[in-house]
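# Observations on the model geometry
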Protein chains: 2
Amino acid sequence: MSVHPNSKDSALRQRAANVIPGGMYGHQSIGRLPDGYPQFFSRADGCRLWDADGNELIDYMCAYGPNLLGYHHAQVEDAAARQQALGDALTGPSEVMVTYAERLVDTISHADWAMFTKNGADSTSSCIQIARAYTGKNKILIAEGSYHGANFWSTPRPSGVPDDDRKHLIRYQYNDLASLDAAVAEAGDDFAGIFATAYKHDAFVANESVDPAFARHCRKLADRHDAVLMVDDVRAGFRMAHNGSWSSVGVEPDLSSWGKVLANGHPISAHLGNTRMREAAESIFITGSYWFAAVPMAAGLAVLDVLEEKDVVSHVTQMGEMLRSGLAEQAQRYGFDLVQSGPAQMPQVLFANDPDRVLGDAWCLECLKRGVYFHPWHNMFLSLAHQPDDIERTLDAADSAFKALQSLRSPTQG
Amino acid sequence: MSVHPNSKDSALRQRAANVIPGGMYGHQSIGRLPDGYPQFFSRADGCRLWDADGNELIDYMCAYGPNLLGYHHAQVEDAAARQQALGDALTGPSEVMVTYAERLVDTISHADWAMFTKNGADSTSSCIQIARAYTGKNKILIAEGSYHGANFWSTPRPSGVPDDDRKHLIRYQYNDLASLDAAVAEAGDDFAGIFATAYKHDAFVANESVDPAFARHCRKLADRHDAVLMVDDVRAGFRMAHNGSWSSVGVEPDLSSWGKVLANGHPISAHLGNTRMREAAESIFITGSYWFAAVPMAAGLAVLDVLEEKDVVSHVTQMGEMLRSGLAEQAQRYGFDLVQSGPAQMPQVLFANDPDRVLGDAWCLECLKRGVYFHPWHNMFLSLAHQPDDIERTLDAADSAFKALQSLRSPTQG
């Protein structure tokens, strides 16, 4: 196999280093990816991605989530183009905003109303703001290691953030009922709410489904204290269920935050709430320059149409299971101990006994050279555009990557 | 003149009240506009806006700023469509991100680097985060009444926000050197930076140009204390100058925040900084699901092309001056005391001795009935699409509105 071309990417990275601090920032910086991963991409279609050097890749990151139906999904793009011809960001909202709110409320069982924002962090921040407005209290319980966006209160690396902006957060351990009890006790009479991600999808570690008993305990504690239960569905929404993700365990939150998939990549986020939260939601002042723009809402309606017409959740789950079982078989055959976790459609793939990710990085890089974009430490994403032959082609690449990796295998592995 | 049709708008508002808290929220809620203003719009083109009932309006809000070149500006939309055909939100950024950062750095004299975000509030929040990271200090000086977005630290109505999230802000009076000195003294050895809007564009009150002596004093104080000078150009950027707005008074900030006009309505914001701020900018962790999306960057490049090809600032200034002088003549003729303030291209139009805005609201409503969308208490915006015949038609409507208003005139007015 020839060397993976990356000369254009290298040149772009040199230019970027001059005009972008650190050359890139945020979750799409490749700073913590193996050397050899491309930083820049030239185009995408379906489940395929082309890097700046024209290398074609089967994409298992889906833009870190937004691409649920495939890049350039015709039904979504047609709806977006029709709305664009009318107008996008105007001096006020368009009818589509009302229709979209109605459709989301019809789709997501806990919700009686919707508000739209732009970033996922806007929706999570709005949720805790509403919880605090509802209760008149400050303490928000969040799970150790959970990501809820990168605003002052939530950024995982709080350089430049005063401690005071984060002093009303109390940490619990995801799925650990006793730690939640302890956090509620610590909050005392200043307990405003519990925030939980749809499932434990932390980076770098094996992911975990939500324990139904934990979800029910969250609900019970919120009810007992007239506090607010919030589910962060920004990352998992509509890949886990055609509803809020905790509907699968029979627990309804008071508020949920959404983003990413809503409009298949068109920029919109949302927070949804029940009637009990409505007055508090009315009391907060939140806004943004582009929050009322109509194109992402029209695209979001088209996404809901597709979700109703096709069983997207089943498809991505099946594709994820096909990938997972194939990788498990290969790992066993080549003698590697693979740790596959999370829902199949949002797979986290790690190697056991690989704390510095030597094996994980090397395997992902070998897959990349063979046209498959895996992520070595972040959960990945399947889309409606991933078809069985894409998974087969991926497994061919993965097989060859495992083979190439055998020389790197440590004595403690496998 | 027939009654202004609004039956579709009314029906939409009733639907919205069910599924959107308060029926609408944020700066595009008409809650504080005169009864009769439409909440919903169906389309826009150039400087024209059609409300949900099909009433055509000459738009002086320009989507609250973003529409600098006219809705559906062909050059911008062509660039956006070309990029959309390649890809928008992908698993990583596209080349256009580097090119756009380079072009902004070439265009804005104080800037050596750029970072892109989505909301204006993302850019202002990032600035204070960088200032705090640079100095290791917390206190940020902001002007009483200035709007810097609606994140926890900045929202003008802090329902649901702990006091602790706002305790490190110190207020000064815009253009008041002594109040700035007092704020610096209050900050003491915890002084991180000064934030100032490009000019005083507060709602409800007469606006003010920046006093060059004030701008220079901001610079001097920041330098003396090794603190950070930040200019919020989200609202005024590229309408005041083909550069940062304070370039006109010869003062270079360390950081500036941008949004709104950057991509003529496509959603993108940015913060720019000098070399002194680079390391601190590298230290912060900020990100968002759609921040690396390529379409708004391609649109932003097209906006910069238009800014170079056409003297946009001169055009909007001339159109604003034509409007301003026409309104002044009419007001005098009809015996009203009009308070016109702010830059001509971002005009604030108030009536003297009208604390409850009885005259202002009534006059704006009369203009609206005649096809002109003015705002009674927020600064307005001119665009490249506003042509002399639009201004003339506007002045015809305004004349007729003044005439209709005479019966409402209070004895103390005029």
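Reading the values: rules and limits
- Position labels on residues start from 1 in each chain and follow its written sequence.
- As they are written, the chains are lettered A onward and the ligands numbered 1 onward, keeping that order.
- For a predicted model such as this one, the threshold for reporting local features is a pLDDT of at least 70, and the threshold for listing and counting side-chain atom pairs is 80 or more; totals across whole chains, interfaces and linings nevertheless cover every residue.
- Remark: hydrogens and water are excluded; side-chain values derive from all non-hydrogen atoms of the structure.
- Stacked, tilted and edge-to-face pairs are distinguished by plane angle, under 30 degrees for stacked and over 60 for edge-to-face with tilted covering the rest, among Phe, Tyr and Trp rings (Trp via its six-membered ring) whose centres lie within 6.5 Å.
- Counting from the N terminus, the helices are DSSP H or I runs at least four residues long and the strands are E runs at least two residues long.
- An automatic or database domain assignment is the source of the domain bounds shown.
- We call two residues in contact whenever any of their non-hydrogen atoms come within 4.5 Å of each other.
- By definition here, a salt bridge exists when the distance from a side-chain nitrogen of Lys or Arg to a carboxyl oxygen of Asp or Glu is within 4 Å.
- When residue character is reported, Ala, Val, Leu, Ile, Met, Phe, Trp, Tyr, Cys and Pro are called nonpolar, Asp, Glu, Lys and Arg charged, and the others, Gly included, polar.
- Our superposition of the copies is a least-squares fit, built on the C-alpha atoms of residues whose pLDDT is at least 70 in both.
- Every axis corresponds to a line fitted to the C-alpha atoms, with the helix fit spanning only the stretch in contact, and the corresponding angles, defined between N-to-C directions, vary from 0 to 180 degrees.
- Note on convention: near helix rotated counterclockwise from far helix by under a right angle means a left-handed crossing. Clockwise means right-handed.
- At least two bridges found by DSSP between two strands is the condition for calling them paired.
- Expected span of a helix, by definition, is 1.5 Å for each gap between consecutive residues, and there is one gap fewer than residues.
- The cut-offs for exposure are 20% and 50% of the maximum accessible area for each residue type, with area from a 1.4 Å probe on protein chains only; residues under the lower value are buried, those over the upper are exposed, and the others partly exposed.

Our focus in this paragraph is the packing of aromatic side chains. Residues and elements named next belong to chain A. Counted under the stated rule, the structure contains 33 aromatic pairs over all chains. Between the aromatic rings of F204 and W377, the centroid separation amounts to 4.2 Å while the plane-to-plane angle is 20°, which identifies the pairing as stacked. With F204 in the loop between β7 (191-197) and α6 (212-224) and W377 in the loop between β13 (372-373) and α11 (388-405), the pair connects residues that are 173 residues apart, well separated along the chain. Aromatic rings pair up to connect Y60, Y334, F336, F351, W363, F374 and F402 into one cluster.

Turning our attention to the domain arrangement of chain A. Residues and elements named next belong to chain A. Split by domain assignment, chain A resolves into domain 1 (7-64 + 311-408) and domain 2 (74-309). With 22 residues of domain 1 in contact, the opposing surface of domain 2 contributes 19 residues. Counting across the interface, domain 1 meets domain 2 through zero salt bridges. Those elements giving two or more residues to the side of domain 1 that touches domain 2 turn out to be α9 (312-334), β11 (338-341) and β12 (348-351). Looking at which element gives the most residues to the side of domain 1 that touches domain 2, the answer is α9, with three residues. For the side of domain 1 that touches domain 2, the per-class residue count stands at 13 nonpolar, six polar and three charged.

So, on to the relation of the copies chain A and chain B. Mapping chain A onto chain B leaves a residual RMSD of 0.0 Å; the transformation is a rotation of 180° accompanied by 0.0 Å of translation along its axis. Such a turn and shift between the copies fits a two-fold axis. Every residue of chain A has its C-alpha some distance from the rotation axis, and the shortest such distance is that of D165(A), at 2.3 Å.

Residues and elements named next belong to chain A. Interaxial distance between helix α3 (residues 95-107) and helix α8 (residues 294-309) falls to 9 Å at its minimum, and their mutual angle equals 35°. When you trace α3 past α8, the crossing you get is left-handed. The segment α3 lies against α8, with V96, M97, T99, Y100, R103, L104 and T107 engaging A294, M297, A298, G300, L301, L304, D305 and E308. Counted by class, the contact of α3 with α8 contains nine nonpolar, three polar and three charged residues.

All names here are of chain B. Read across the sheet, seven strands follow the order β4-β10-β9-β8-β7-β5-β6 without closing on themselves; strand pairing throughout is mixed. The sheet terminates laterally at β4 (113-117) and β6 (169-172), the two strands that pair on one side only. Within the sheet, the average angular offset between the axes of one strand and its neighbour, ignoring direction, is 20°. Note that strand β5 (residues 139-143) and β6 share four bridges and pair parallel. Within the sheet, the bridge partner assigned to I140 lies in β6 and is L169.

Turning our attention to helix α11 (residues 388-405) of chain B. Quick reminder: α-helices carry 3.6 residues per turn. Residues three or four places apart thus point the same way. Along its 18 residues, α11(B) runs 25 Å from first to last C-alpha, staying within 8% of the 26 Å computed at 1.5 Å per residue. All of the buried residues along α11(B) are D390(B), I391(B), T394(B), L395(B), A397(B), A398(B), D399(B), A401(B), F402(B) and L405(B).

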